[in-house]
Amino acid sequence: MGEKELRKNMSILPVSTVSKLTGLTPRQLRYYERFELVYPKRSAGNQRLYSLNDIERLLEIKDYLDSGMTMQEIRRVLSKTNAPQISNDPDSLSDTEARKIFHKEMLRVGRWENHGSNNLW
DNA sequence: CTTCTAACA
DNA sequence: TGTTAGCA
């Protein structure tokens, strides 16, 4: 697995950020998790941590729902393309390193907001 | 922030 | 069926 893919699979984004990024409410994010459309990690405080791949997934889910697709159908499609979240050891990262990565993502978020772009990665 | 149940269209 | 309000 390349370094890029590794970073995309790191779960570091809290629901508030993911909500703004995807336009989905935290409630919807929880609902989708119930249907196994996404499998975010959990922080020590039991709060969801999403990866960049999860963002892409969620955006896809949005489109699929607009297309009139069902949760079950979406789950089937997504389970083929993207296997369940794999081993991304957040514990293997030092705190400073994790903070660096998170800050980087925050900067990216700001950039998108300024450009108002929907074509993300 | 999390969980849960009940309710709506 | 997808989503939400209100609670603890």
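What counts as what
Residues numbered from 1 in each chain as written. Chains lettered and ligands numbered in written order. Predicted model: local features only at pLDDT ≥ 70, side-chain atom pairs only at ≥ 80, totals over all residues. Heavy atoms only, no water. Phe/Tyr/Trp six-rings, centres within 6.5 Å; stacked < 30°, edge-to-face > 60°. Buried < 20%, exposed > 50% of the residue type's maximum accessible area, 1.4 Å probe, protein only. pLDDT = per-residue confidence, 0-100. Helix = DSSP H or I, 4+ residues; strand = E, 2+ residues; numbered from the N terminus. Contact = heavy atoms within 4.5 Å. Near = heavy atom within 4 Å. Polar contact = N/O pair within 3.5 Å; in protein donor to acceptor, adjacent residues only side chain to side chain. Nonpolar A, V, L, I, M, F, W, Y, C, P; charged D, E, K, R; others polar. Arc of directions from axis to C-beta.

Summed over all chains, the structure comprises one aromatic pair. Centre to centre, the rings of Tyr-31 and Phe-35 are 5.0 Å apart; their planes meet at 55 degrees, and the pair counts as tilted. Given a relative accessible area of 39%, Tyr-31 falls into the partly exposed group.

The next thing to look at is the confidence of the model for chain A. Within chain A, residue pLDDT values average 80, and 65% of them lie at 70 or more. When mean pLDDT is taken per element in chain A, helix 3 (residues 26-34) scores highest with 98 and helix 6 (residues 95-115) scores lowest with 59. In this model residues 114-121 is a low-confidence stretch, pLDDT under 50, and it forms eight contacts with partners more than four residues away in sequence or in other chains.

For DNA strand C, the full set of nearby residues is Thr-25, Arg-27, Gln-28, Tyr-31, Tyr-32, Leu-65, Thr-70 and Met-71. Here, DNA strand C places atoms within 4 Å of the protein, and 42% of those atoms are sugar or phosphate. Measuring from a base nitrogen of DNA strand C, one finds a side-chain N or O atom of Tyr-31 at 3.4 Å. One of the backbone nitrogen or oxygen atoms of Met-71 is found 2.6 Å away from a phosphate oxygen of DNA strand C. Top element by residues in the surface near DNA strand C is helix 3. It accounts for four residues. A breakdown of the residues in the surface near DNA strand C according to their chemical character gives four nonpolar, three polar and one charged.

Among all positions of helix 3, only Leu-29, Tyr-32 and Glu-33 are buried. Buried residues in helix 3, looked at end-on, bunch into an arc of 100 degrees, giving them a common side. Exposed residues on helix 3 whose side chains face more than 90 degrees from its buried face are Arg-27 and Arg-34. On its buried face, helix 3 is in contact with helix 2 (15-22), strand 1 (41-42), strand 2 (48-49), helix 4 (52-66) and helix 5 (71-81).

The subject of this paragraph is the environment of Arg-57. Relative to the elements of secondary structure, Arg-57 occurs in helix 4. Taking relative accessible area as the criterion, Arg-57 reaches 4% and is therefore assigned buried.

Turning next to the protein's contact with DNA strand B. Near DNA strand B the following residues occur: Val-15, Ser-16, Arg-30, Arg-42, Asn-46, Gln-47 and Arg-48. For DNA strand B, the fraction of protein-proximal atoms (within 4 Å) that sit in sugar or phosphate groups is 86%. One nitrogen or oxygen atom from the side chain of Asn-46 is found 3.4 Å from a sugar or linking oxygen belonging to DNA strand B. Gln-47 places a polar side-chain atom, nitrogen or oxygen, 3.5 Å from a sugar or linking oxygen of DNA strand B.

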